[in-house]
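Spelled out from the first residue to the last, the chains are:
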Amino acid sequence: MLKIEHIGIAVEDIEKSNALFEDLFGQPHYKIEEVESEHVKTAFFKVGDNKIELLEATDKKSPIAKFIKKKGEGIHHIAFEVDNIEEEVKRLSKKGFKILNEIPKQGADNKRVVFLHPKSTNGVLIELCQEIVDCD
Ligand code: ZN
């Protein structure tokens with residue numbers, strides 16, 4: 001793994017939280033993006049080299065809705081950048097980590113993403129992400 005790419009925070013109301021985090025960081029988010037397949041709306045902030053992703057559920061089926069119902073708002077996942085997501089999935093499966101989606105899916109912010117089950121990582125949901133490089 002290369003570095004922490006971002007930290008994801010589950011929020012009830014992304015508009016309210018955008019204002020709050022804008023005050024906290026002293027700068028606005030740089031991107032809002034809805035990921036329909038995941039039933040989430042996301043907002044990204046940059047703090048120095050680091051990124052924070054806010055996630056709001058867009059419906060009840062959303063994993064974020066389930067998370068908030070169970071645990072309340074708060075840190076939802078830590079995302080690590082990798083340079084070869086398929087290889088990393090193979091390596092981690094061999095080590096016994098439980099992979100939630102073996103085949104990378106389209107995530108927010110132009111990334112392909114894979115999640116590891118928190119049961120195999122001390123209760124922390126881990127996201128692996130690799131930037132999608134446009135070939136045009
Ligand atoms: Zn994320």
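Scroll up to find the structure.
Bear in mind the structure is a predicted one, so any value in this text is a computation, not a measurement. (Residues numbered from 1 in each chain as written. Predicted model: local features only at pLDDT ≥ 70, side-chain atom pairs only at ≥ 80, totals over all residues. Heavy atoms only, no water.)

**With respect to the coordination of the zinc ion**
Applied cut-off: Any N, O or S atom lying within 2.8 Å of the metal counts as a donor, and for Na, K and Ca the limit rises to 3.2 Å; water is left out, so some sites can look incomplete. The rule is simple: four donors are tetrahedral if all their angles sit between 85 and 135 degrees, four are square planar and six octahedral if opposite donors span more than 155 degrees and the others lie between 65 and 115, and anything that fits none of that is irregular. Each helix is a run of H or I in the DSSP string that is no shorter than four residues. Each strand is a run of E no shorter than two, and both are numbered from the N terminus.
For the zinc ion, every protein donor is listed as His6 (NE2), Glu53 (OE), His77 (NE2) and Glu127 (OE), and the spread of their distances is 2.1 to 2.2 Å. Seen from the zinc ion, its four donor atoms lie at angles of 81 to 167 degrees, and the figure they make is irregular. Here the donor residues for the zinc ion map to a single chain with the spacing H-x46-E-x23-H-x49-E. Residue His6 is located in strand S1 (residues 3-10), and its partner His77 is located in strand S5 (residues 74-81); the two are separated by 71 residues in the primary sequence.

**A few points about the pattern of salt bridges**
Definition in use: We define a salt bridge as a side-chain nitrogen of Lys or Arg found within 4 Å of a carboxyl oxygen belonging to Asp or Glu. Each residue is assigned to one of three classes by its accessible area relative to the maximum for its type, calculated with a 1.4 Å probe on protein chains only: buried under 20%, partly exposed between the two thresholds, exposed over 50%.
Taken as a whole and judged by the stated rule, the model has 13 salt bridges. Its salt-bridge partner being Glu5, residue Lys111 comes within 3.5 Å of it at the nearest N-O pair. Placement of Lys111 in strand S7 (residues 111-116) and of Glu5 in strand S1 is noted, with a sequence separation of 106 residues between them. The exposure classification of Lys111 matches that of Glu5, with both residues buried. Shared partners join several salt bridges into a network, and the residues in it are Glu5, Lys31, Glu33, Lys51, Asp109, Lys111 and Glu131.

**Examining the packing of aromatic side chains**
Stated formally: The aromatic pairing rule takes the rings of Phe, Tyr and Trp, using the six-membered ring of Trp, and pairs them if the centres are within 6.5 Å, calling planes under 30 degrees apart stacked, those over 60 edge-to-face and the rest tilted.
Under the counting rule described, the total for this entry stands at four aromatic pairs. When the ring of Tyr30 is compared with that of Phe44, the centres are 6.2 Å apart and the planes differ by 45 degrees; the resulting orientation is tilted. Note that Tyr30 is positioned in the loop between helix H1 (14-25) and strand S2 (31-35) and Phe44 in strand S3 (residues 40-47), a separation of 14 residues in sequence. For Tyr30, a relative accessible area of 34% corresponds to the partly exposed category.

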